[in-house]
Amino acid sequence: MSTQITITLPDEIYQHAERFAKLANRDVASILADTIQLSIPSVRAEVNHLEPVSVLANEQILALTELQMEPEQDSRLSELLERQQAGTITDNERPELQNLMQIYQEGLLRKATSLNEAVKRGLIEPLSQ
């Protein structure tokens, strides 16, 4: 199944994609679709149930700025990352590592989005540069 959309790209981006498509002997649309597919990480279905940060109450925003992985998940993630680094991770542990990394990355994005919203609302001061 495919969904057709219309987007406006800066001329420079389109020309870049057009040159690449010509070099690869493909159409621009397929190049752009593949690029988007490879650029956007997968997200668990559970995320669909989360309300956008922009509609949350101030207290909820502030709570999300402190978001952390569950301690058990964090500990297991560290363990699996160490095993991966050491080359001792098993084939059965790889999907678990991938799942925990996805949870970590989704949480980090949610936390960053909340921090941005908290600064916009004046709930916290921006970091000094």
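The rules behind each value
Residues numbered from 1 in each chain as written. Predicted model: local features only at pLDDT ≥ 70, side-chain atom pairs only at ≥ 80, totals over all residues. Heavy atoms only, no water. Helix = DSSP H or I, 4+ residues; strand = E, 2+ residues; numbered from the N terminus. Rg over C-alpha atoms; globule rule 2.2 N^0.38 Å. Buried < 20%, exposed > 50% of the residue type's maximum accessible area, 1.4 Å probe, protein only. Contact = heavy atoms within 4.5 Å. Areas by Shrake-Rupley, 256 points an atom, 1.4 Å probe, with all protein chains shown as cover. Lys, Arg positive; Asp, Glu negative; His and termini not counted. Charge placed at Lys NZ, Arg CZ, Asp CG, Glu CD. Salt bridge = Lys/Arg side-chain N within 4 Å of Asp/Glu carboxyl O. Polar contact = N/O pair within 3.5 Å; in protein donor to acceptor, adjacent residues only side chain to side chain. Expected span 1.5 Å × (residues − 1). Core = buried A, V, L, I, M, F, W, Y, C linked by side-chain atoms within 4.5 Å.

Student: Sorry, what's going on with the overall build of the chain here?
Tutor: If you tally the helices and strands in the chain, you get five helices and zero strands. In summary, the chain has a C-alpha radius of gyration of 20 Å against a globular reference of 14 Å for 129 residues, an excess of more than 25%. Projected onto its principal axes, the C-alpha positions of the chain cover 50 × 45 × 35 Å. Within the span of the chain, comprising 129 residues, buried residues form 18% of the whole. Here the contacts in the chain between residues at least 6 apart in sequence split such that 60% fall between residues at least 24 apart. Surface exposure of the chain reaches about 10500 Å², of which carbon and sulfur atoms provide 53%. If you average the places of the 11 positive and of the 20 negative side-chain charges in the chain, the two averages end up 5 Å apart.

Student: Hey, could you run me through the pattern of salt bridges in this one?
Tutor: Between side chains of opposite charge, pairing is possible as soon as their charged atoms come close. The final tally for this structure, using the stated rule, is nine salt bridges. The salt bridge involving R26 is made with D34; its shortest N-O contact spans 2.3 Å. Using a relative accessible area of 38% as the deciding quantity, one classes R26 as partly exposed. Taking the relative accessible area as the measure of exposure, D34 reaches 30% and is therefore partly exposed.

Student: Honestly, the environment of R121 in this entry has me stumped. Any pointers?
Tutor: By secondary structure assignment, the location of R121 is in the segment after helix 5 (93-120). Residue classification places R121 among the partly exposed positions, given a relative accessible area of 28%. Taking the C-alpha atoms as reference, R121 lies 8.2 Å from N58; in sequence the two are 63 residues apart. Within the structure, the side chain of R121 is placed 2.7 Å from the backbone oxygen of L56, a separation counted as a polar contact.

Student: Is there a simple way to think about helix 1 (residues 11-24) in this case?
Tutor: Side chains that are three or four residues apart share a direction in an α-helix, a result of its 3.6 residues per turn. Over its 14 residues, helix 1 extends 20 Å from the first C-alpha to the last, a length consistent with the 20 Å expected when each residue adds 1.5 Å. A positive backbone phi angle near 60 degrees is found at N25, which sits one or two residues after helix 1.

Student: Teacher, can you tell me more about the nonpolar core here?
Tutor: If you look at the biggest cluster of nonpolar residues, it comprises seven residues: M69, L77, L80, I89, L97, L100 and I103. Counting only elements with at least two residues in this core, the list comes to helix 4 (71-86) and helix 5. Top contributing element to this core by residue count: helix 5, with three residues. Not counting chain neighbours up to four residues away, the residues in contact with L77 comprise M69, L97, L100, M101 and Y104.

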